[in-house]
Amino acid sequence: MKSEYTLKEKIIEALKEQKEIYGDELFTSSLSLRKTEVRTDSSSDSSHNPALEAIETWEMAESLDELYDKIYECTKCVLHKGRNKFVFGVGNPNADVMLIGEGPGADEDRLGEPFVGRAGQLLNDILKAIHFTRQEVYIGNVVKCRPPGNRTPLPSEMETCLPYLTKQIQLIKPKLILCLGLTAAQGLLKKKDSLSALRGKIFELGKVKVMVTYHPAALLRNPNWKRGCWEDVQKFRKLYDEMKGN
Ligand code: SF4
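Residues numbered from 1 in each chain as written. Predicted model: local features only at pLDDT ≥ 70, side-chain atom pairs only at ≥ 80, totals over all residues.

S.K.: Could you give me a rundown of the sheet that holds strand 5 (residues 203–205), with the residues and numbers involved?
M.R.: As summarised here, the arrangement of the six strands in space is 1-3-2-4-6-5, forming an open sheet in which the pairing is mixed. Looking along the sheet, the strands with just one partner apiece sit at the ends: strand 1 (90–91) and strand 5. On top of the sheet, helix 8 (residues 182–189) reaches strand 2 (97–101), strand 4 (176–180), strand 5 and strand 6 (208–213); it is set at about 130 degrees to strand 4, its chief contact. Together, strand 2, strand 4 and strand 6 form the strand contacts of helix 11 (residues 226–244), whose direction differs from that of strand 6 by roughly 165 degrees. (Pairing = 2+ DSSP bridges. Helix = DSSP H or I, 4+ residues; strand = E, 2+ residues; numbered from the N terminus. Contact = placed C-beta atoms within 7 Å. Axes fitted to C-alpha atoms, helices over the stretch in contact; angles between N-to-C directions.)

And the structure:
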(Lines give C-alpha, C1' and ligand atoms only; values in the text may rest on other atoms or scores of the structure.)
Protein backbone atom coordinates (compact mmCIF):
# COMPACT_ATOMS: atom_id res chain seq x y z
CA MET A 1 0.00 0.00 0.00
CA LYS A 2 2.62 2.49 -1.13
CA SER A 3 0.27 5.49 -1.45
CA GLU A 4 -1.07 5.04 2.10
CA TYR A 5 2.45 4.76 3.45
CA THR A 6 3.41 7.98 1.67
CA LEU A 7 0.36 9.76 3.08
CA LYS A 8 1.24 8.63 6.59
CA GLU A 9 4.83 9.76 6.18
CA LYS A 10 3.67 13.19 5.03
CA ILE A 11 1.32 13.54 7.98
CA ILE A 12 4.01 12.56 10.46
CA GLU A 13 6.38 15.03 8.81
CA ALA A 14 3.75 17.80 9.07
CA LEU A 15 3.20 17.05 12.75
CA LYS A 16 6.94 17.03 13.41
CA GLU A 17 7.21 20.46 11.76
CA GLN A 18 4.36 21.75 13.92
CA LYS A 19 6.14 20.40 16.97
CA GLU A 20 9.38 22.12 15.94
CA ILE A 21 7.59 25.47 16.03
CA TYR A 22 5.25 25.01 18.95
CA GLY A 23 6.71 22.16 20.97
CA ASP A 24 4.08 19.92 22.48
CA GLU A 25 1.43 22.59 22.46
CA LEU A 26 -0.17 22.52 19.04
CA PHE A 27 -2.75 25.05 18.01
CA THR A 28 -6.00 23.29 17.53
CA SER A 29 -7.68 20.74 19.67
CA SER A 30 -8.30 18.69 16.55
CA LEU A 31 -4.61 18.70 15.65
CA SER A 32 -3.66 17.86 19.23
CA LEU A 33 -6.06 14.95 19.06
CA ARG A 34 -4.55 13.81 15.83
CA LYS A 35 -1.04 14.17 17.23
CA THR A 36 -2.04 11.91 20.08
CA GLU A 37 -3.76 9.41 17.91
CA VAL A 38 -1.31 9.14 15.03
CA ARG A 39 0.94 6.22 15.70
CA THR A 40 4.39 6.69 14.25
CA ASP A 41 5.47 3.06 14.19
CA SER A 42 5.66 1.68 10.70
CA SER A 43 3.36 -1.22 11.58
CA SER A 44 0.30 0.99 12.13
CA ASP A 45 -2.41 0.73 9.50
CA SER A 46 -3.21 4.22 8.18
CA SER A 47 -6.21 3.02 6.22
CA HIS A 48 -8.12 2.37 9.48
CA ASN A 49 -6.86 5.25 11.57
CA PRO A 50 -9.61 7.88 12.03
CA ALA A 51 -6.95 10.39 13.05
CA LEU A 52 -5.30 10.15 9.66
CA GLU A 53 -8.63 10.42 7.89
CA ALA A 54 -9.29 13.70 9.75
CA ILE A 55 -6.12 15.37 8.43
CA GLU A 56 -7.10 18.16 6.08
CA THR A 57 -5.48 18.38 2.68
CA TRP A 58 -4.06 21.89 3.27
CA GLU A 59 -1.90 20.54 6.08
CA MET A 60 0.09 18.58 3.53
CA ALA A 61 0.61 21.48 1.09
CA GLU A 62 4.19 21.57 -0.13
CA SER A 63 4.23 25.17 -1.38
CA LEU A 64 2.58 28.49 -0.61
CA ASP A 65 0.70 28.33 -3.91
CA GLU A 66 -0.67 24.91 -3.06
CA LEU A 67 -1.65 26.11 0.41
CA TYR A 68 -3.41 29.16 -1.05
CA ASP A 69 -5.37 26.99 -3.48
CA LYS A 70 -6.55 24.82 -0.62
CA ILE A 71 -7.63 27.51 1.83
CA TYR A 72 -8.70 30.63 -0.09
CA GLU A 73 -12.36 29.71 0.16
CA CYS A 74 -12.14 28.96 3.90
CA THR A 75 -15.36 29.33 5.87
CA LYS A 76 -14.11 28.04 9.22
CA CYS A 77 -14.92 31.18 11.16
CA VAL A 78 -17.52 33.90 10.91
CA LEU A 79 -15.08 36.37 9.36
CA HIS A 80 -15.59 34.79 5.94
CA LYS A 81 -19.10 36.27 5.85
CA GLY A 82 -17.91 39.86 5.46
CA ARG A 83 -14.90 39.01 3.33
CA ASN A 84 -14.45 40.69 -0.02
CA LYS A 85 -11.02 39.19 -0.66
CA PHE A 86 -9.08 36.53 1.23
CA VAL A 87 -5.73 38.04 2.27
CA PHE A 88 -3.22 35.20 2.23
CA GLY A 89 0.07 37.08 2.49
CA VAL A 90 2.64 38.45 0.10
CA GLY A 91 6.37 38.46 -0.52
CA ASN A 92 9.37 36.24 -0.94
CA PRO A 93 8.45 32.56 -0.42
CA ASN A 94 12.02 31.94 0.82
CA ALA A 95 12.26 35.04 2.99
CA ASP A 96 14.57 35.17 6.00
CA VAL A 97 12.24 37.74 7.55
CA MET A 98 8.48 37.57 8.08
CA LEU A 99 6.32 40.44 9.31
CA ILE A 100 3.04 39.48 10.94
CA GLY A 101 0.16 41.88 11.48
CA GLU A 102 -3.30 41.51 12.95
CA GLY A 103 -5.71 41.18 10.05
CA PRO A 104 -6.87 42.85 6.84
CA GLY A 105 -8.38 46.34 6.93
CA ALA A 106 -10.64 47.90 4.31
CA ASP A 107 -7.90 48.47 1.70
CA GLU A 108 -6.44 45.02 2.22
CA ASP A 109 -9.88 43.42 1.94
CA ARG A 110 -10.49 45.31 -1.30
CA LEU A 111 -7.13 44.44 -2.87
CA GLY A 112 -6.40 41.03 -1.31
CA GLU A 113 -2.95 42.06 -0.06
CA PRO A 114 -1.74 42.85 3.47
CA PHE A 115 -0.53 46.34 4.43
CA VAL A 116 -1.48 48.29 1.32
CA GLY A 117 -3.10 51.45 2.75
CA ARG A 118 -1.47 54.28 4.70
CA ALA A 119 -0.25 51.82 7.30
CA GLY A 120 1.25 49.78 4.48
CA GLN A 121 3.11 52.79 3.13
CA LEU A 122 4.48 53.48 6.60
CA LEU A 123 5.54 49.84 6.88
CA ASN A 124 7.38 50.14 3.55
CA ASP A 125 9.17 53.23 4.92
CA ILE A 126 10.10 51.39 8.12
CA LEU A 127 11.48 48.50 6.09
CA LYS A 128 13.47 50.86 3.89
CA ALA A 129 14.93 52.58 6.95
CA ILE A 130 16.40 49.27 8.11
CA HIS A 131 17.53 48.30 4.60
CA PHE A 132 14.89 45.75 3.69
CA THR A 133 12.60 45.88 0.68
CA ARG A 134 9.00 44.75 0.74
CA GLN A 135 9.89 42.22 -1.97
CA GLU A 136 12.57 40.42 0.04
CA VAL A 137 10.45 39.82 3.17
CA TYR A 138 7.13 38.01 3.59
CA ILE A 139 4.14 39.83 5.07
CA GLY A 140 1.09 38.13 6.57
CA ASN A 141 -1.55 38.42 9.27
CA VAL A 142 -2.88 36.27 12.09
CA VAL A 143 -6.33 36.27 10.45
CA LYS A 144 -6.84 36.24 6.70
CA CYS A 145 -10.31 37.78 6.49
CA ARG A 146 -11.30 41.29 7.54
CA PRO A 147 -12.98 41.60 10.93
CA PRO A 148 -16.12 43.78 10.58
CA GLY A 149 -15.51 47.45 11.26
CA ASN A 150 -11.80 46.68 11.75
CA ARG A 151 -12.47 45.28 15.20
CA THR A 152 -9.80 43.15 16.85
CA PRO A 153 -10.13 39.49 15.86
CA LEU A 154 -11.65 37.38 18.62
CA PRO A 155 -9.39 34.83 20.31
CA SER A 156 -11.51 32.04 18.81
CA GLU A 157 -11.09 33.51 15.31
CA MET A 158 -7.34 33.75 15.76
CA GLU A 159 -7.13 30.23 17.08
CA THR A 160 -9.07 28.97 14.08
CA CYS A 161 -6.97 30.85 11.53
CA LEU A 162 -3.52 30.60 13.12
CA PRO A 163 -2.73 27.06 11.91
CA TYR A 164 -2.66 28.48 8.36
CA LEU A 165 -0.02 30.99 9.43
CA THR A 166 1.93 28.25 11.18
CA LYS A 167 1.89 26.30 7.94
CA GLN A 168 3.15 29.36 6.07
CA ILE A 169 6.00 29.67 8.58
CA GLN A 170 6.84 26.00 8.05
CA LEU A 171 6.96 26.46 4.29
CA ILE A 172 8.87 29.76 4.28
CA LYS A 173 11.29 28.82 7.09
CA PRO A 174 12.19 32.39 8.09
CA LYS A 175 15.01 33.11 10.52
CA LEU A 176 13.26 36.08 12.09
CA ILE A 177 9.69 37.25 12.61
CA LEU A 178 8.63 40.76 13.56
CA CYS A 179 5.15 40.94 15.09
CA LEU A 180 3.40 44.21 14.34
CA GLY A 181 1.17 45.12 17.26
CA LEU A 182 -0.13 43.47 20.39
CA THR A 183 -2.75 41.26 18.74
CA ALA A 184 -0.25 39.65 16.36
CA ALA A 185 2.26 39.19 19.17
CA GLN A 186 -0.21 37.68 21.62
CA GLY A 187 -1.71 35.47 18.90
CA LEU A 188 1.56 34.14 17.55
CA LEU A 189 3.48 33.86 20.82
CA LYS A 190 0.44 32.75 22.80
CA LYS A 191 1.21 35.27 25.53
CA LYS A 192 -0.98 37.65 27.45
CA ASP A 193 1.66 40.28 28.29
CA SER A 194 1.25 43.94 27.37
CA LEU A 195 2.96 45.41 24.31
CA SER A 196 5.44 47.29 26.47
CA ALA A 197 6.37 44.01 28.19
CA LEU A 198 6.82 42.22 24.85
CA ARG A 199 8.78 44.92 23.00
CA GLY A 200 12.56 44.81 23.09
CA LYS A 201 12.73 41.11 23.91
CA ILE A 202 13.74 38.22 21.69
CA PHE A 203 11.41 35.21 21.78
CA GLU A 204 11.93 31.82 20.24
CA LEU A 205 9.34 29.96 18.24
CA GLY A 206 11.12 26.71 17.54
CA LYS A 207 14.14 27.76 15.50
CA VAL A 208 12.67 31.16 14.62
CA LYS A 209 13.49 34.26 16.66
CA VAL A 210 10.61 36.67 17.18
CA MET A 211 10.51 40.33 18.13
CA VAL A 212 7.58 42.67 18.67
CA THR A 213 6.93 46.31 17.81
CA TYR A 214 4.01 48.65 17.22
CA HIS A 215 1.47 48.17 14.45
CA PRO A 216 2.01 50.86 11.78
CA ALA A 217 -1.65 51.93 12.08
CA ALA A 218 -1.02 52.65 15.78
CA LEU A 219 1.96 54.80 14.79
CA LEU A 220 -0.28 56.81 12.46
CA ARG A 221 -2.63 57.47 15.38
CA ASN A 222 0.18 58.11 17.88
CA PRO A 223 3.24 59.51 16.09
CA ASN A 224 5.07 59.92 19.40
CA TRP A 225 5.43 56.11 19.45
CA LYS A 226 7.62 56.22 16.33
CA ARG A 227 10.79 56.67 18.37
CA GLY A 228 10.11 53.41 20.24
CA CYS A 229 9.37 51.64 16.97
CA TRP A 230 12.64 52.94 15.52
CA GLU A 231 14.54 51.49 18.48
CA ASP A 232 12.75 48.15 18.06
CA VAL A 233 13.43 47.81 14.35
CA GLN A 234 17.07 48.82 14.69
CA LYS A 235 17.46 46.03 17.23
CA PHE A 236 15.65 43.69 14.85
CA ARG A 237 18.05 44.62 12.03
CA LYS A 238 21.05 44.13 14.30
CA LEU A 239 19.80 40.67 15.24
CA TYR A 240 19.33 39.86 11.56
CA ASP A 241 22.86 41.00 10.73
CA GLU A 242 24.29 38.93 13.58
CA MET A 243 22.41 35.86 12.39
CA LYS A 244 23.61 36.36 8.83
CA GLY A 245 27.19 37.05 10.01
CA ASN A 246 27.14 40.53 8.46
S1 SF4 B 1 -10.29 34.36 9.09
FE2 SF4 B 1 -9.12 32.50 8.70
S3 SF4 B 1 -10.30 30.84 9.66
FE4 SF4 B 1 -11.67 32.63 9.46
S5 SF4 B 1 -12.72 32.28 7.51
FE6 SF4 B 1 -10.94 33.59 7.10
S7 SF4 B 1 -9.31 32.16 6.50
FE8 SF4 B 1 -10.92 30.96 7.51
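Resuming the write-up.
S.K.: Tell me about unusual backbone geometry, residues and numbers included.
M.R.: Unusually for a residue other than glycine, Asn-150 sits at a positive phi of about 60 degrees. Tracing the backbone shows Asn-150 in the loop between strand 3 (138–141) and helix 7 (155–172). Overall, the presence of 13 C-beta atoms within 10 Å leaves Asn-150 in the partly exposed class. (Buried ≥ 20, exposed ≤ 12 C-beta atoms within 10 Å, placed from the backbone.)

S.K.: Please provide a residue-by-residue account of the nonpolar core, values included.
M.R.: By size, the foremost hydrophobic cluster in this structure holds 46 residues, and its most contacted members are Met-98, Ile-100, Val-137, Val-142, Leu-178 and Cys-179. A total of six residues in this core trace back to one element, the largest contributor, which is helix 7. (Core = buried A, V, L, I, M, F, W, Y, C linked by C-beta atoms within 7 Å.)

S.K.: Residues and numbers for the site of the ligand, please.
M.R.: Neighbouring residues of the ligand: Cys-74, Thr-75, Lys-76, Cys-77, Leu-79, His-80, Val-143, Lys-144, Cys-145, Glu-157, Thr-160 and Cys-161. Of the residues belonging to the shell around the ligand, the class tally is six nonpolar, three polar and three charged. (Near = placed C-beta within 6 Å. Nonpolar A, V, L, I, M, F, W, Y, C, P; charged D, E, K, R; others polar.)

S.K.: Now, about helix 8: what can you tell me, with residues and values included?
M.R.: Along an α-helix, residues three or four apart share an orientation, since each turn contains 3.6 residues. Counting buried positions along helix 8 gives seven out of eight residues, so the element sits mostly inside the fold. For helix 8, the set of buried residues is Leu-182, Thr-183, Ala-184, Ala-185, Gln-186, Gly-187 and Leu-188. Structurally, helix 8 contributes buried residues whose contacts are with strand 2, helix 7, strand 4, helix 9 (195–198) and strand 6. Immediately downstream of helix 8, the backbone of Lys-190 shows phi near 55 degrees, a positive value.

S.K.: Mind laying out the pairing of strand 3, listing which residues take part and the relevant values?
M.R.: Side chains Tyr-138 and Gly-140 of strand 3 all project onto a buried face; the interleaved residues Ile-139 and Asn-141 project onto the opposite face, where all are buried too. Of the strand pairs in this sheet, strand 1 and strand 3 are connected by two bridges, and their pairing is antiparallel. Note on strand 3: the bridge partner recorded for Gly-91 is Tyr-138. As paired strands, strand 2 and strand 3 are joined by four bridges and run parallel to one another. Counterpart to Met-98 in the pairing with strand 3 is Tyr-138.

S.K.: Go over helix 11 with me, naming the residues and quoting the values.
M.R.: The terminal C-alpha atoms of helix 11, which comprises 19 residues, lie 27 Å apart, in line with the 27 Å expected from a rise of 1.5 Å per residue. Every buried residue belonging to helix 11 is among Cys-229, Phe-236 and Tyr-240, and all of these are buried. The arc enclosing the buried residues of helix 11, seen along the axis, measures out at 40 degrees, which places them on a common side. Exposed side of helix 11, more than 90 degrees from the buried face: Arg-227, Gln-234, Lys-238, Asp-241 and Glu-242 are the residues found there. Where helix 11 is buried, its residues contact strand 2, helix 6 (118–129), strand 4, strand 6 and helix 10 (216–221). Just past helix 11, the residue Gly-245 takes up positive phi, approximately 75 degrees. (Expected span 1.5 Å × (residues − 1). Arc of directions from axis to C-beta.)

S.K.: Give me the lowdown on the confidence of the model for the protein, citing residues and values where you can.
M.R.: This prediction gives the protein a mean pLDDT of 87; 80% of its residues lie at or above 70. Counted against residues more than four places away or in other chains, residues 25–44, with its pLDDT under 50, gives 28 contacts. (pLDDT = per-residue confidence, 0-100.)

S.K.: Residue-level account of the environment of Gly-105, with values.
M.R.: Its place among the elements puts Gly-105 in the loop between strand 2 and helix 5 (106–111). As a C-alpha pair, Gly-105 and Arg-151 span 46 residues in sequence and 9.3 Å in three-dimensional space. When residues no more than four places from it in sequence are discounted, the contact partners of Gly-105 are Gly-117, Arg-146 and Asn-150.

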